[in-house]
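The primary structure of each chain is shown beneath.
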Amino acid sequence: MELTGAEIIMECLVREGVDVMFGYPGGAILPTYDAMTKYPQLHHVLVRHEQGASHMADGYARATGRVGVAIATSGPGATNLVTGLATAMMDSSPIVAITGQVARGAIGSDAFQETDVTGVTLPVTKHNYLVSDIDELAYTIREAFYIARSGRPGPVLVDVPKDVQIEKTEFVYPEGDIIRLPGYRPAQKASDDQVASALELINQAKRPIILAGHGIMMSQAMQELRELSEKGGIPVALTLLGKGAMSEKHPLVLGMMGMHGAAACNYAIQESDLLIALGMRFDDRVTGNLKTYARNARKIHVDIDPSEINKNVPVDVGIAGDLRTVLAQLLPQVEVKQHPDWLARIRDWQEDADERDILHHDTGSRLLGAQVINDLWRFTDGEAITVTDVGQHQMLEAQYYPHQRPATMITSGGLGTMGFGVPAAIGAKFGQPSEEVWAIVGDGGFQMTMCELGTAAQENVDVNIAILNNGFLGMVRQWQEFFYEERYQSTPMFNPDFCKLAEAFGIATMRVTDRSQIEESVAFARSVKGPTLIEYVIEKDDVVYPMVPAGADLDAMLRRPKPGEVIKK
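Summarised in this report is the structure supplied together with it. Quick caveat, the model's predicted, so the values are computed rather than measured.

1. As for the overall build of the protein chain
What the protein chain contains, in helices and strands, is 23 helices and 20 strands. Expected size for 569 residues packed as a compact globule is a radius of gyration near 25 Å; at 24 Å, the protein chain falls within 12% of this value. Each principal axis of the C-alpha atoms in the protein chain carries an extent, and together these give about 75 × 60 × 40 Å. Taking all 569 residues of the protein chain together, the buried fraction comes to 60%. Long-range contacts, defined as pairs at least 24 residues apart, comprise 75% of the intrachain contacts of the protein chain with a sequence gap of at least 6. For the protein chain, the accessible area works out to roughly 22,100 Å², and carbon and sulfur atoms hold 50% of it.

Next up, the structure:
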């Protein structure tokens with residue numbers, strides 16, 4: 001059948017299984033928007049800013065494992081996607097962004113709303129395209145989806161000139177396994193030598209620990225991870241994006257590692273004799289000082305991306321392959337062990353941490369972020385999908401909202417993008433409409449994309465927005481307190497009345513100033529069929545402990561004092 005380029009785009013989205021797309025119209029993409037009227041099975045969500053579209057596509061992708069789709073026009077529309085594309089790139093989230101471009105004859109002439117979008121996005125996409133021939137359009141979109149979801153997932157951008165969208169050609173969808181990309185062959189299996197070397201280290205270790213990352217969920221290796229942990233008696237530390245890879249209620253799961261991770265995790269890593277790193281990339285927030293990182297431990301690293309092996313941390317056995325496949329190769333020959341002395345040592349660290357936990361201290365009438373997050377966990381039965389922004393509330397969520405299922409904690413890890421939370425939560429809810437979804441944000445990050453309240457209201461998305469309002473850029477204020485002699489430059493914030501702001505969009509709201517109101521606030525949010533905003537007014541001087549100062553050894557943590565102790569800053 002003969003179709004326009006715009007209709008070809010829509011046909012390809014349908015055949016790729018897309019059900020929703022997030023975007024904002026404009027002149028150079030208008031033919032594609034006009035073609036949408038012929039495809040009612042594709043639901044378009046009108047965002048208020050293109051950054052919101054890329055974050056919504058990202059949240060959708062992380063919640064479902066499917067490719068998220070964002071659409072924008074040329075020039076500023078496309079460049080507004082960049083932050084979301086960079087966020088997805090850092091966290092290996094599969095997105096396809098389709099952007100309009102000025103007509104081919106005008107490219108390079110500084111035409112109205114012209115930008116070299118492929119040049120701009122080259123560093124923050126897995127791949128990108130400028131389609132100059134309508135006969136290549138269908139194959140290009142097919143290839144874009146394949147690249148986005150295969151191997152190490154990531155964002156792909158397809159830039160389509162306006163005249164290509166208007167032209168017509170005979171549409172032939174590229175069916176079957178026809179994608180052939182020279183040099184792109186994601187590894188799958190470990191070699192026999194790699195399997196033997198890894199097994200020797202695992203079976204000989206006395207103090208092993210598994211470092212479980214985002215790759216566990218992307219490869220669907222959750223069952224294999226649990227089998228390895230239980231069979232070998234090996235405790236599991238989670239990265240921020242690895243939360244949910246194994247239930248945090250499991251006795252062998254230690255919680256999150258790293259800068260604001262559980263103290264027991266960090267001590268265990270530093271005293272281990274074997275690290276088994278699975279689908280994680282040894283980010284600086286995980287390792288601390290590389291010179292002293294787990295200096296007495298042998299190291300195994302399994303990752304789908306060979307460029308990650310030996311990039312930050314030299315390892316003894318590096319395996320580039322699909323995690324689920326590699327673990328299936330290892331498991332039959334892993335010896336059954338318990339490591340009772342090692343686990344007892346870890347329990348001692350955990351007991352010490354419990355004495356320092358703010359939840360076990362008398363805080364009087366003060367409402368603290370940890371209390372809010374832990375109560376949200378209790379009153380949602382730990383079953384909600386939580387989507388965070390970036391800052392203190394993000395780290396408190398990681399510490400005080402234990403996750404039992406994969407893909408239920410969604411956050412910007414690598415890029416640390418403030419403003420991610422609300423739009424990504426909207427995308428997650430579109431991907432998982434039957435799930436309870438909470439956006440957990442700070443007063444600073446929320447204001448970066450609060451325009452998406454309009455999207456939530458227009459779509460009547462059943463998303464609950466929890467704002468932890470301390471009147472500061474909280475995490476930056478914490479650094480100023482510890483390392484800049486309490487010079488709070490540019491961190492106190494003048495905020496609007498968040499409840500009135502949301503009410504202007506017709507969104508139901510509630511303000512919480514006392515811990516006794518938290519249960520009521522969750523019940524209120526659940527009673528509303530549509531978006532809600534709950535403002536939790538917390539203490540201005542709230543601090544997240546533990547904290548590893550930048551560049552310090554992983555076990556050189558600043559820790560909350562026990563009752564009677566004095567903290568040294």
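2. Observations regarding the packing of helix α16 (residues 369–379) against helix α17 (residues 392–400)
Axis separation between α16 and α17 bottoms out at 9 Å; the angle between their running directions is 50°. Relative to α17, the element α16 lies oblique. The two elements α16 and α17 meet at a crossing, and its hand is right-handed. Listed contacts from α17 to G369, A370, I373, N374 and W377 of α16 are H393, L396, E397 and Y400. Here the contact of α16 with α17 is built from residues that sort into 5 nonpolar, 3 polar and 1 charged.

3. Re the packing of helix α1 (residues 5–15) against helix α7 (residues 137–149)
At a closest axis distance of 9 Å, the pairing of α1 and α7 adopts a crossing angle of 35°. Between α1 and α7 lies a crossing whose hand is right-handed. On α7, the residues touching G5, I8, I9, C12 and L13 of α1 are L137, A138, I141 and F145. Taken together, the residues that form the contact of α1 with α7 break down as 8 nonpolar, 1 polar and no charged.

4. Re unusual backbone geometry
The amide bond that connects Y545 to the next residue, P546, takes the cis arrangement and shows omega of -10°. Along the chain, the position of P546 falls in the segment after β20 (532–537). Although it is not a glycine, E486 sits at a positive phi angle of roughly 60°. By secondary structure assignment, the location of E486 is in the loop between α21 (474–483) and α22 (498–504).

5. Notes on the pairing of strand β12 (residues 274–278)
Most of β12 sits out of view: 5 of its 5 residues are buried. Here β12 shows a buried face lined by L274, I276 and L278 and a second buried face lined by L275 and A277. Taken together, the 5 bridges between strand β9 (residues 208–212) and β12 define a ladder with parallel strand orientation. Among the inter-strand pairings, I209 is bridged to a residue of β12, identified as L275. Taken together, the 5 bridges between β12 and strand β13 (residues 298–303) define a ladder with parallel strand orientation. By the bridge assignment for β13, I276 is matched with I300.

6. Digging into the environment of W349
By secondary structure assignment, the location of W349 is in helix α15 (residues 340–356). With a relative accessible area of 9%, W349 lands in the buried category. As a C-alpha pair, W349 and V18 span 331 residues in sequence and 48 Å in three-dimensional space. Setting aside residues no more than four positions away along its own chain, W349 makes contact with A264, Y267, A268, E271 and W342.

7. A look at the sheet that holds strand β14 (residues 317–320)
Across the sheet, 6 strands lie side by side as β11-β10-β9-β12-β13-β14; this open sheet has parallel pairing. The open sheet is flanked by β11 (253–256) and β14, the only strands paired with a single partner. Averaged over all neighbouring strand pairs, the angle between strand axes comes to 15°, with direction disregarded.

8. Quick word on α16
Here α16 lies mainly inside the structure; 9 of its 11 residues are buried. Within α16 the residues assigned to the buried category are G369, A370, Q371, V372, I373, N374, D375, L376 and F379. The elements touched by buried residues of α16 are α17, β17 (437–442), β18 (463–469), α23 (518–527) and β20. Two residues or fewer after α16 comes D381, characterised by a positive phi angle close to 60°.

9. As for the packing of aromatic side chains
Counted by the stated rule, this structure contains 12 aromatic pairs. With a centroid separation of 6.1 Å and 85° between ring planes, the pair formed by Y146 and Y184 is classed as edge-to-face. Remark: Y184 occurs in the loop between β8 (168–170) and α9 (192–204) and Y146 occurs in helix α7; sequence separation between them is 38 residues. With a centroid separation of 6.0 Å and an interplanar angle of 80°, the aromatic rings of F482 and F483 are classed as edge-to-face. Accessibility expressed as a relative area gives 9% for F482, which makes it buried. Members of the aromatic cluster, joined through ring pairs, are W479, F482, F483 and Y545. Note that R477 overlies the ring of F472, its terminal NZ or CZ placed 5.9 Å from the centroid.

Parameters at a glance
Residues numbered from 1 in each chain as written. Predicted model: local features only at pLDDT ≥ 70, side-chain atom pairs only at ≥ 80, totals over all residues. Heavy atoms only, no water. Helix = DSSP H or I, 4+ residues; strand = E, 2+ residues; numbered from the N terminus. Rg over C-alpha atoms; globule rule 2.2 N^0.38 Å. Buried < 20%, exposed > 50% of the residue type's maximum accessible area, 1.4 Å probe, protein only. Contact = heavy atoms within 4.5 Å. Areas by Shrake-Rupley, 256 points an atom, 1.4 Å probe, with all protein chains shown as cover. Axes fitted to C-alpha atoms, helices over the stretch in contact; angles between N-to-C directions. Parallel < 35°, antiparallel > 145°, perpendicular 65-115°, else oblique. Left-handed = near helix turned anticlockwise from the far one by under 90°. Nonpolar A, V, L, I, M, F, W, Y, C, P; charged D, E, K, R; others polar. Pairing = 2+ DSSP bridges. Phe/Tyr/Trp six-rings, centres within 6.5 Å; stacked < 30°, edge-to-face > 60°. Lys NZ or Arg CZ within 6 Å of the ring centre and 35° of its normal.

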